[in-house]
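# Descriptive structure summary
These are the residues of each chain, in order.
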Amino acid sequence: MKVLVIGSGAREHCLVDKLSQSPKVSKIYCAPGNGGTAHLAENIEIKADNLDRLLDFALKENVELTVVGPEIPLAKGIVDLFNDQGLKIFGPAKELAKLESSKVFAKEIMKKYGIPTADFKVFSQPKPAKEYIERKGAPVVVKADGLAAGKGVMVCESEAEARQAVDTIMGKKKFGEAGEKIIIEDCLQGQELSLLAFSDGETILPLAASQDHKRIFDNDQGANTGGMGAYAPVPLLDKQNFDKIINEIFQPLIEGLGRENKIYKGILYAGIMIFNNKPNLLEFNVRFGDPEAQVVLPKLKGDLADIMLKTIDGNLKQAKVEWDQRSFVCVVLASGGYPGKYQKGKEISGLEELEKQKDILVYHAGTKRENEKIVTNGGRVLSVVGSGLTLKEAKEKAYQAVDKINFKGVQYRKDISDKAFNKS
Ligand code: AMP
Ligand code: GLY
């Protein structure tokens, strides 16, 4: 079977790696891919948001399964487009990709199905939004409705900051159309975690829980990034709260949508905050997380292509899965200056030696091959994943591997997974 993976991050390299292990898969294309996917797949120079060219390519090459990494093609309706041509593609239809692409849509669904989430109100004008902020007081969270590359959420410590956030989104239109509506919601405190599950519209197959590290510096300091590391599983999530997430969040959503003849197929990602020892839903995403995929997919021992096909065909119940009992810790190596301005084209050394190590996985993101060399080509450059019988061992392995890799300006967090045992 020929498979097309869309995207260019470490998440997509991890997907390509996992799919390449399937006996069903004979050939993988990756559009546009990176220096790492080039090893296992044929990189195709088509951008992830160029839906028409992706469709032409899939038709021409008789691609039998397409797997979408990032949210933009899903929000633009790639699943509907491919399905209309009889092509199998893994992900939700445009109507349900709105669970990620419109926070207003998502919050209204949560309310409708009684899913635990922070109280909120929706505004399309700045004045009533500011009046509401005054009534509510700080801290308070201001969110742009649409996709804003992870920057549309502002957790505000003071009312002044929250008013400013409203002006940034609605006055200065920093996020364009994505900010035509805003949500103002109560601020929750606690530890965050991500739970991702396959759904075919009926069966829910959860992956291990994981925890992302969004800030650039140790101890969650500095600017937000695409994610600087992750680990799985998450010890702070006990069985009781895991069951609650399934029974009070995933199940009501999938069933509620089903009653309206909306069939959610693909990966559903719940961003959870454990607040007062109860899981609250912060957000839904409609795809694998990055860097979460890099620690949860290695735990899955089944045939990923088969699970994806069964998801598409509505047979997920029949999927065979086993779990690797080990823990995984992913450290992201980023270019100096990221998430601000950074330089590209720095030679990366030390990768070859790690290829032979069984307990280390290295997934590429912003890299490319230049002659015989691998050079940096983006903000987040590599995901280095260590595995071990305990999180501690996995962390040690990951950082030993990180020490072997070098490029000019490299930066990374030193505390990935330390939060695992911190209950606050
Ligand atoms: P979202 O895209 O909605 O998940 O928001 C991005 C980040 O903002 C989350 O990962 C949280 O760190 C933070 N956040 C979102 N909503 C809230 C909330 N109600 N209370 C506290 N923090 C929040
Ligand atoms: N790691 C967060 C995300 O993929 O959205």
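Predicted, not measured: the structure shown is a model, and the values here were computed from it. (Residues numbered from 1 in each chain as written. Chains lettered and ligands numbered in written order. Predicted model: local features only at pLDDT ≥ 70, side-chain atom pairs only at ≥ 80, totals over all residues. Heavy atoms only, no water.)

### Focus: the overall build of the protein
Worth spelling out the cut-off: Put simply, DSSP marks the helices as runs of H or I at least four residues long and the strands as runs of E at least two long, and each gets a number from the N terminus on. The globule rule used for comparison is 2.2 Å times the number of residues to the exponent 0.38, while the radius of gyration itself is calculated over C-alpha atoms. For each residue, the accessible area found with a 1.4 Å probe, counting protein chains only, is set against the maximum for its type, and the residue is called buried under 20%, exposed over 50%, and partly exposed in between. Contacts are assigned to residue pairs with any non-hydrogen atoms lying within 4.5 Å of each other. His is not counted, nor are the chain ends; Lys and Arg add positive charge and Asp and Glu add negative charge. Every charge is mapped to an atom, namely NZ of Lys, CZ of Arg, CG of Asp or CD of Glu.
Secondary structure assignment for the protein yields 14 helices and 22 strands. Taken over C-alpha atoms, the radius of gyration comes to 21 Å for the protein, in line with the 22 Å a tight globule of 424 residues would show. Expressed as lengths along the three principal axes of its C-alpha atoms, the size of the protein is roughly 60 × 45 × 45 Å. Expressed as a percentage of the 424 residues in the protein, the buried residues total 56%. Relative to all contacts within the protein whose residues are 6 or more apart in sequence, the contacts with residues 24 or more apart total 68%. With 61 positive and 58 negative side-chain charges, the protein shows a separation of 2 Å between the mean positions of the two kinds.

### Regarding the sheet that holds strand 1 (residues 2-7)
By way of backbone hydrogen bonds, the strands of a sheet pair with one another, either parallel or antiparallel. Short version of the rule: For two strands to pair, DSSP has to find at least two bridges joining them. Only the stretch in contact is used when a helix axis is fitted, and all axes are lines through C-alpha atoms; the angle between N-to-C directions ranges over 0 to 180 degrees.
Across the sheet, 5 strands lie side by side as 3-2-1-4-5; this open sheet has parallel pairing. The outermost strands of the open sheet, each flanked by one partner alone, are strand 3 (42-43) and strand 5 (89-90). Each of strand 1, strand 2 (27-32) and strand 4 (65-68) is contacted by helix 1 (residues 10-20), which is oriented at about 165° to strand 1, the strand it contacts most. In the packing of helix 12 (residues 304-313) onto the sheet, contacts are made with strand 4 and strand 5, and the angle to strand 4 comes to roughly 95°.

### Overview of the pairing of strand 10 (residues 191-199)
Among the 9 residues that make up strand 10, 8 are buried, leaving the element largely enclosed by the rest of the structure. Note: strand 10 against strand 16 (residues 266-275), 9 bridges, orientation antiparallel. Along strand 16, the bridge assignment pairs Glu 192 with Met 273. Pairing geometry for strand 10 and strand 11 (residues 204-206), over 3 bridges, is antiparallel. Paired with Phe 198 across the bridge in strand 11 is Leu 205. Linking two consecutive strands that pair antiparallel, namely strand 10 and strand 11, is a turn of 4 residues; a positive phi of about 100° is found at Gly 201 within it.

### Brief notes about helix 7 (residues 103-112)
Extensive coverage of helix 7 is indicated by the burial of 7 of its 10 residues. Burial in helix 7 covers these residues: Lys 103, Val 104, Phe 105, Ala 106, Lys 107, Ile 109 and Met 110. One or two residues past the end of helix 7 sits Gly 114, with phi positive at roughly 70°.

### Examining the site of ligand 1
Put simply, the rule reads: Residues are counted as near a molecule or strand when any one of their heavy atoms sits within 4 Å of it. Definition of a polar contact: a pair of N or O atoms within 3.5 Å, with one able to donate and the other able to accept a hydrogen when the atoms are protein atoms, and with sequence-neighbouring residues admitted only if both atoms are side-chain atoms. Exposure was quantified through the Shrake-Rupley algorithm and a 1.4 Å probe, taking into account, for residues, occlusion by the shown protein chains and nothing else. Classification convention: Asp, Glu, Lys, Arg as charged; Ala, Val, Leu, Ile, Met, Phe, Trp, Tyr, Cys, Pro as nonpolar; all other residues, Gly among them, as polar.
Around ligand 1 sit 15 residues in total, of which Glu 185, Leu 188, Glu 192, Lys 214 and Glu 283 are the nearest. Between Asp 186 and ligand 1, the recorded distance is 2.9 Å, taken from a backbone N or O atom to a nitrogen atom. Within the backbone of Leu 188, a nitrogen or oxygen atom sits 2.8 Å from a nitrogen atom of ligand 1. Relative to its unbound accessible area of 470 Å², ligand 1 is 86% covered by the protein chains. Put simply, the parts of the chain that give the shell around ligand 1 at least two residues each are strand 7 (140-144), strand 8 (153-156), strand 9 (182-186) and strand 17 (278-285). Of the residues that constitute the shell around ligand 1, the class distribution is 8 nonpolar, no polar and 7 charged.

### Examining the site of ligand 2
Taken together, Asp 212, Tyr 269, Asn 285, Arg 287, Gly 289, Asp 290, Pro 291 and Glu 292 make up the full set of residues adjacent to ligand 2. Separating an oxygen atom of ligand 2 from a side-chain N or O atom of Arg 287 is a distance of 2.8 Å. A distance of 2.7 Å separates a nitrogen atom of ligand 2 from a polar side-chain atom of Glu 292. Here ligand 2 has 200 Å² of accessible area as a free molecule, and 86% of this is covered by the chains.

### Remarks on the pairing of strand 7
In terms of residue burial, strand 7 counts as a mostly covered element, since 5 of its 5 residues are buried. The two faces of strand 7 match: Val 140, Val 142 and Ala 144 on one face and Val 141 and Lys 143 on the other face are all buried. As defined by bridge partners, strand 7 adjoins strand 9 across 5 bridges and the pair is classed as antiparallel. From the neighbouring strand, Ala 144 faces strand 9, where its bridge partner is Ile 182.

### Examining the nonpolar core
Here is the rule: By convention a nonpolar core is built from buried Ala, Val, Leu, Ile, Met, Phe, Trp, Tyr and Cys residues, the set being connected through side-chain atoms within 4.5 Å.
Counting 74 residues, the largest nonpolar core has Ile 78, Leu 99, Phe 250, Leu 253 and Phe 284 as the members making the most contacts within it. Sorting elements by how many residues they give to this core places helix 10 (residues 239-259) first, with 7 residues. If we skip the residues at most four places from it in the chain, Ile 78 touches Ile 6, Leu 51, Leu 54, Val 68, Pro 73 and Ile 89. Listed in part, the 47 residues of the second largest apolar core include Met 1, Val 3, Leu 297 and Val 332.

### Details of the sheet that holds strand 7
The 4 strands are arranged 6-9-7-8 in an open sheet whose pairing can be described as antiparallel. The open sheet terminates on both sides in strands that have one partner only, identified here as strand 6 (120-123) and strand 8. Strand-to-strand twist across the sheet, computed as the mean angle between neighbouring axes with direction ignored, equals 20°. Running over the sheet, helix 7 touches strand 6, strand 7, strand 8 and strand 9 and is turned about 140° from strand 6. Sheet strands in contact with helix 9 (residues 159-171) are strand 6, strand 7, strand 8 and strand 9, and its direction is about 5° off that of strand 7.

### Describing the packing of helix 6 (residues 94-101) against helix 7
Short version of the rule: Throughout this description, any angle smaller than 35 degrees is read as roughly parallel, any larger than 145 degrees as roughly antiparallel, any in the 65 to 115 degree range as roughly perpendicular, and the remainder as oblique.
For the pair helix 6 and helix 7, the least separation of the axes is 6 Å and the interaxial angle reads 95°. Taken together, the axis directions place helix 6 and helix 7 in an arrangement best described as roughly perpendicular. Contact residues: Glu 95, Lys 98, Leu 99 and Ser 101 in helix 6; Lys 103, Phe 105, Ala 106 and Ile 109 in helix 7. Residues of the contact of helix 6 with helix 7, tallied by class, amount to 4 nonpolar, 1 polar and 3 charged.

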